[in-house]
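For reference, the chains in residue letters:
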Amino acid sequence: MTDTKLAHELLSDMVRVRRMEEKCAELYSAAKIRGFLHLYVGEEAVAAGSLRALADDDAVVATYREHAHALLRGIPMTSIMAEMFGKQEGCSRGRGGSMHLFDVAKRFYGGNAIVAGGLPLAVGIALADAMLERKRVTACYFGDGAVAEGAFHESLNIAALWNLPVLFCCENNLYAMGTALERAQSQTDLTVKAASYRVPTMAVDGMDVEACHTAAQRGVHHVRDTGGPFFIEFRTYRFRAHSMFDPELYRDKREVERWRERDPIQSFTDQCLRDGTLSETDVREIEDSAAAEIEAAVAFAEAGTWEDVADLERDVLTPASIDMSEPTREPAR
Ligand SMILES: Cc1ncc(C[n+]2csc(CCOP(=O)(O)OP(=O)(O)O)c2C)c(N)n1
């Protein structure tokens, strides 16, 4: 790779995500972070490579495995960590936690816990952008498990039919919880499914950050030029369990080891050192800077405030919280 600045950014992005998540795993064991926690370890090249291809006013929709996307979209690590801790200073005011990172100002629309739930949302955002004649892209991330859901098919169909500017980013890590893709799908080449809706597609090695970046650039150009959708299947792998509660009985440890040999951070670092794009000092600085950022983020989260228990029902919609004395208005015709 000859572009030193880009190499630095891509490596730094992956390292920040990896180290932040390793810290989260540790904090989870210490019961500082509670609830669900789905780590992205092994898949960093996908988010790092693809998010750098977007403009600031493009939108991003992700799944519950979204710490990387949130961070690389520009949500400060302090605010992410506070959210993980459930503190009010978090990006969702401590009410979302790991699965519901969200920031409208960054056009980061979650953190969606329902498998394939983000796809119709992305299509709706893209429809709004198209109707307002804003030349924006909505990048929608989802796992291979999403292709088993009706929402996937409906979303691809309508995006193609109405020519909506969505970049569909399928993070195919071969497993949906404990279900291997090949046990659930007759067609395991997911580009074929997208192509059946006449959405242009490509597949890319999701362990290669440069390849992910190039693929995303191509996809983003296509979406911006045509105003219509594009589908990328990122072929990747998660090194850790599905979530913190998964004993991983469904896959062979040797399989995991084989994929770990292709660690996207290690292989990109080796490549950059080999061809002289980055020096040992650059790599050390990237690690040191990530470590300092994480330390500050954890301190910020620790020092954060818990919501007052008296506020617990705020923003919770119940029949009791709706004023029933108002007569129901007739719907507009
Ligand atoms: C509609 C729906 N069904 C089931 C679940 C339970 N569930 C949570 S994660 C998951 C697996 C999804 O796998 P995939 O889409 O491949 O994403 P990955 O976790 O591998 O990133 C399932 C079935 C859910 N959240 N939503």
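Residues numbered from 1 in each chain as written. Predicted model: local features only at pLDDT ≥ 70, side-chain atom pairs only at ≥ 80, totals over all residues.

Chemist: Looking at this structure, how should I read the overall build of the protein chain?
Modeler: On a plain count of helices and strands, the protein chain comes out with 12 helices and 8 strands. For 333 residues, the compact-globule formula gives about 20 Å, and the C-alpha radius of gyration of the protein chain, at 20 Å, lands near that figure. In terms of overall dimensions, the protein chain has C-alpha extents of about 70 × 50 × 40 Å along its principal axes. With 333 residues in all, the protein chain has 44% of them scored as buried. Taking contacts inside the protein chain between residues at least 6 apart in sequence as the whole, the part at least 24 apart equals 75%. (Helix = DSSP H or I, 4+ residues; strand = E, 2+ residues; numbered from the N terminus. Rg over C-alpha atoms; globule rule 2.2 N^0.38 Å. Buried ≥ 20, exposed ≤ 12 C-beta atoms within 10 Å, placed from the backbone. Contact = placed C-beta atoms within 7 Å.)

Chemist: For this particular structure, what's the right way to read the site of the ligand?
Modeler: What surrounds the ligand is a group of 15 residues, the closest being V115, G143, G145, A176 and M177. Of the residues that constitute the shell around the ligand, the class distribution is 7 nonpolar, 5 polar and 3 charged. (Near = placed C-beta within 6 Å. Nonpolar A, V, L, I, M, F, W, Y, C, P; charged D, E, K, R; others polar.)

Chemist: Looking at this structure, I do not really get the sheet that holds strand β1 (residues 59–63). What am I missing?
Modeler: Across a sheet, paired strands are connected by hydrogen bonds in the backbone, their directions being either parallel or antiparallel. With parallel pairing, 6 strands are arranged side by side in an open sheet as β2-β1-β3-β4-β8-β7. Of all the strands in the sheet, the pair left with one neighbour each is β2 (108–112) and β7 (201–205). Strand-to-strand twist of the sheet, defined as the mean angle between neighbouring strand axes without regard to direction, takes the value 15 degrees. In the sheet, strand β3 (residues 138–143) pairs with strand β4 (residues 166–172) via 6 bridges, with the strands oriented parallel. (Pairing = 2+ DSSP bridges. Axes fitted to C-alpha atoms, helices over the stretch in contact; angles between N-to-C directions.)

Chemist: I would appreciate a short explanation of the pairing of β4 in the present structure.
Modeler: Looking down a regular strand, the side chains alternate between one sheet face and the other. When you tally the buried positions in β4, you get 7 out of 7 residues, the bulk of the element. Of the two faces of β4, the one carrying V166, F168, C170 and N172 and the one carrying L167, C169 and E171 are both buried. Note on the crossover from β3 through helix α6 (residues 150–161) to β4: the handedness is right-handed. (Right-handed = clockwise from strand over helix to strand, strands pointing away.)

Chemist: Help me out: how do you make sense of the nonpolar core in this one?
Modeler: Where a protein is soluble and globular, its nonpolar side chains tend to be buried together. In this structure, M81, C140 and L167 are the most contacted members of the largest nonpolar core, which totals 86 residues. Other than its neighbours up to four places away in sequence, M81 contacts A297, V298, F300 and A301. (Core = buried A, V, L, I, M, F, W, Y, C linked by C-beta atoms within 7 Å.)

Chemist: Would you take a moment to explain the packing of helix α1 (residues 4–29) against helix α2 (residues 44–51) for this structure?
Modeler: When two helices pack together, their arrangement is captured by the angle between the axes and the distance separating the axes. At a closest axis distance of 9 Å, the pairing of α1 and α2 adopts a crossing angle of 135 degrees. For the element pair α1 / α2, the angle class is oblique. Judged by the sense of rotation from one axis to the other, the crossing of α1 with α2 is right-handed. On α2, the residues that touch L10, D13, M14, V17 and R18 of α1 are E44, A45, A47, A48 and G49. (Parallel < 35°, antiparallel > 145°, perpendicular 65-115°, else oblique. Left-handed = near helix turned anticlockwise from the far one by under 90°.)

Chemist: It is not clear to me how the packing of α1 against helix α11 (residues 264–274) should be interpreted in this structure. Could you clarify?
Modeler: Contact geometry of α1 with α11 gives a least axis separation of 10 Å together with a crossing angle of 150 degrees. Between α1 and α11, the interaxial angle falls into the category roughly antiparallel. The handedness of the crossing between α1 and α11 comes out as left-handed. Residues A7, L10, L11, M14, V15 and R18 of α1 form the contact with α11, whose own contacting residues are P264, I265, F268, T269 and C272.

Chemist: Mind showing me how you'd approach the environment of E248 here?
Modeler: Within the secondary structure, E248 sits in the loop between β8 (230–235) and α10 (253–260). A sequence separation of 70 residues divides E248 from G178, and the C-alpha atoms of the two residues are 7.3 Å apart.

Chemist: Would you mind going over α2 with me for this structure?
Modeler: An α-helical turn contains 3.6 residues, so a residue and the one three or four places further along point in the same direction. Among the 8 residues of α2, 8 are classified as buried, and the element is accordingly described as predominantly covered. Taken residue by residue, α2 has E44, A45, V46, A47, A48, G49, S50 and L51 as its buried positions.

Chemist: Help me out: how do you make sense of the pairing of β1 in this one?
Modeler: Among the 5 residues of β1, 5 are classified as buried, and the element is accordingly described as predominantly covered. Residues A59, V61 and T63 of β1 are buried on one face, and the alternating residues V60 and A62, pointing to the opposite face, are buried as well. In terms of strand pairing, β1 meets β2 through 3 bridges, oriented parallel. Counted as the bridge partner of V60 is F108 from β2.

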